[in-house]
Amino acid sequence: MTAPPAFPAPHPSPLDLGGRTALVTGAAGGIGRACALRLAGAGAEVRAVDRDAEGLEALAEEAHGLAGAVEPHVLDLTDLDAAELAAVGTDVLVNNAGLQLVRPIEEFPPDVFHTVLTVMLEAPFRLIRGALPHMYGQGWGRIVNVSSVHGLRASAYKSAYVAAKHGLEGLSKTTALEGAPHGVTSNCVNPAYVRTPLVERQIADQARTHGIPEERVLSEVLLQDSAVKRLIEPEEVAEAVAYLCGPQASFVTGTSLVLDGGWTAH
């Protein structure tokens, strides 16, 4: 009989990503910023990818003094060839970048639908494609796709976002099946509404679409299906991402870590 695998100690040490390179998309703010800081704090050299050059510079300054470092990488993810190239040589990939527009399908601009799917589904595919050869070569890799409760449930007026997140779930599972023999895990984290600029910008859109005042959007729309009546903080999502990168999660792959305050319990 073969020897059983070595399991982590009952009281595991903090996440140590020293010597690892991580790439985080949408890193200039919100969940991406929190993830970049968390992984840099664990010792990773973080390639912080975003279109927002000023936001990336502020992030890099904030990361001074951490165990790792943040390297700003200004990139528009609609440039798919550049996205794939940016992921070459990474050990940890966090696909986080996203955008949102709230409109009925018959009023949804086709060009925006195309852009959402490009940034939130096709770009993650290209980033994974760029990262896997290095991960396979060393026999270790961690891919974390920041999905959403909308990767598991649909909401009206969000056709592009829901389609992209559902597609990301399938991409993540396929990556997990292919990556398992090579020591690579692939998972989604699925938060409900997070306190980010993306969510804050939705409030006016939701008010207009539903025909209610903005002050009622949070309680009557965003948190309607959540048992826990608050927004999630970006740092809470970053901790879930960190967990999936650690040794305690080496057997966790092809699944979705749901942080939805009880939404999907209905």
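A brief structural summary. (Residues numbered from 1 in each chain as written. Predicted model: local features only at pLDDT ≥ 70, side-chain atom pairs only at ≥ 80, totals over all residues. Heavy atoms only, no water.)

### With respect to the overall build of the chain
- Each helix and strand counted, the chain has 8 helices and 7 strands in total.
- In terms of overall dimensions, the chain is globule-like: its C-alpha atoms have a radius of gyration of 18 Å, near the 18 Å expected for 266 residues.
- With the C-alpha coordinates of the chain rotated into their principal frame, the extents come out at 60 × 40 × 35 Å.
- Buried positions account for 49% of the 266 residues belonging to the chain.
- Partitioning the contacts of the chain with sequence separation of at least 6, the portion at a separation of at least 24 is 73%.
- Put simply, the chain has 19 plus and 31 minus side-chain charges, and the middle of one group is 5 Å from the middle of the other. (Helix = DSSP H or I, 4+ residues; strand = E, 2+ residues; numbered from the N terminus. Rg over C-alpha atoms; globule rule 2.2 N^0.38 Å. Buried < 20%, exposed > 50% of the residue type's maximum accessible area, 1.4 Å probe, protein only. Contact = heavy atoms within 4.5 Å. Lys, Arg positive; Asp, Glu negative; His and termini not counted. Charge placed at Lys NZ, Arg CZ, Asp CG, Glu CD.)

### Focus: helix 4 (residues 110-138)
- Its 29 residues place the ends of helix 4 41 Å apart at the C-alpha level, agreeing with the 42 Å of an ideal helix rising 1.5 Å per residue.
- At Thr118, helix 4 shows its maximal bend, which comes to roughly 40°.
- Positive phi appears at Gly139, one or two residues downstream of helix 4, with a value of about 75°. (Expected span 1.5 Å × (residues − 1). Bend = angle between axes of the 7 residues up to and from the residue.)

### Points about the side chain of Asn190
- Relative to the assigned elements, Asn190 resides in strand 6 (residues 184-191).
- Among the polar contacts listed, one links the side chain of Asn190 to the backbone oxygen of Ser148, at a separation of 2.9 Å.
- Apart from residues no more than four positions distant in its own chain, Asn190 is found in contact with Ser147, Ser148, Val149, Leu152, Glu169, Ser256, Leu257, Val258, Leu259 and Asp260. (Polar contact = N/O pair within 3.5 Å; in protein donor to acceptor, adjacent residues only side chain to side chain.)

### Observations concerning the pattern of salt bridges
- In total, this model carries 9 salt bridges according to the counting rule given.
- One salt bridge connects Glu169 with Lys173, and the closest N-O pair in it is separated by 3.6 Å. With a gap of 4 residues between them, Glu169 and Lys173 both fall in helix 5 (residues 159-179), about one helical turn apart.
- One connected set of salt bridges, linked through shared partners, spans Asp81, Glu84, Arg126 and Arg129. (Salt bridge = Lys/Arg side-chain N within 4 Å of Asp/Glu carboxyl O.)

### Some details on the pairing of strand 6
- Among the 8 residues that make up strand 6, 8 are buried, leaving the element largely enclosed by the rest of the structure.
- Covered by surrounding structure in strand 6 are Val184, Ser186, Cys188 and Asn190 together with Thr185, Asn187, Val189 and Pro191, the residues of both alternating faces.
- Across 6 bridges, the pairing between strand 5 (residues 141-146) and strand 6 is parallel. Bridge pairing in strand 6 links Gly141 to Val184.
- Handedness of the β-α-β unit built from strand 5, helix 5 and strand 6 comes out right-handed. (Pairing = 2+ DSSP bridges. Right-handed = clockwise from strand over helix to strand, strands pointing away.)

### Examining the environment of Ala42
- Here Ala42 is to be found in the loop between helix 1 (30-41) and strand 2 (45-50).
- With residues up to four places along the chain from it excluded, the contact list for Ala42 reads Leu15, Asp16, Leu17 and Gly18.

### What to know about the packing of helix 6 (residues 197-210) against helix 7 (residues 214-222)
- As a packed pair, helix 6 and helix 7 sit with axes 9 Å apart at the nearest point and diverge in direction by 95°. Classified by the angle between their axes, helix 6 and helix 7 sit roughly perpendicular to one another. Contacts between helix 6 and helix 7 pair Val199, Ile203, Ala204, Gln206, Ala207 and His210 from the former with Glu214, Val217, Val221 and Leu222 from the latter.
- Class assignment for the residues of the contact of helix 6 with helix 7 results in 7 nonpolar, 2 polar and 1 charged. (Axes fitted to C-alpha atoms, helices over the stretch in contact; angles between N-to-C directions. Parallel < 35°, antiparallel > 145°, perpendicular 65-115°, else oblique. Nonpolar A, V, L, I, M, F, W, Y, C, P; charged D, E, K, R; others polar.)

### Focus: the packing of aromatic side chains
- Per the stated rule, a full pass over the model turns up 2 aromatic pairs.
- When the centroid spacing of 6.2 Å and the interplanar angle of 85° are considered together, the rings of Phe108 and Phe113 count as edge-to-face.
- In this structure Phe113 comes out as partly exposed when scored by relative accessible area, which is 33%. (Phe/Tyr/Trp six-rings, centres within 6.5 Å; stacked < 30°, edge-to-face > 60°.)

### Side note on the side chain of Ser256
- Secondary-structure assignment places Ser256 in strand 7 (residues 256-259).
- On the basis of relative accessibility, which here comes to 19%, the residue Ser256 falls in the buried class.
- Within the structure, the side chain of Ser256 is placed 2.6 Å from the side chain of Glu169, a separation counted as a polar contact.
- Among residues more than four places away in sequence, those in contact with Ser256 are Leu152, Glu169, Lys173, Cys188 and Asn190.

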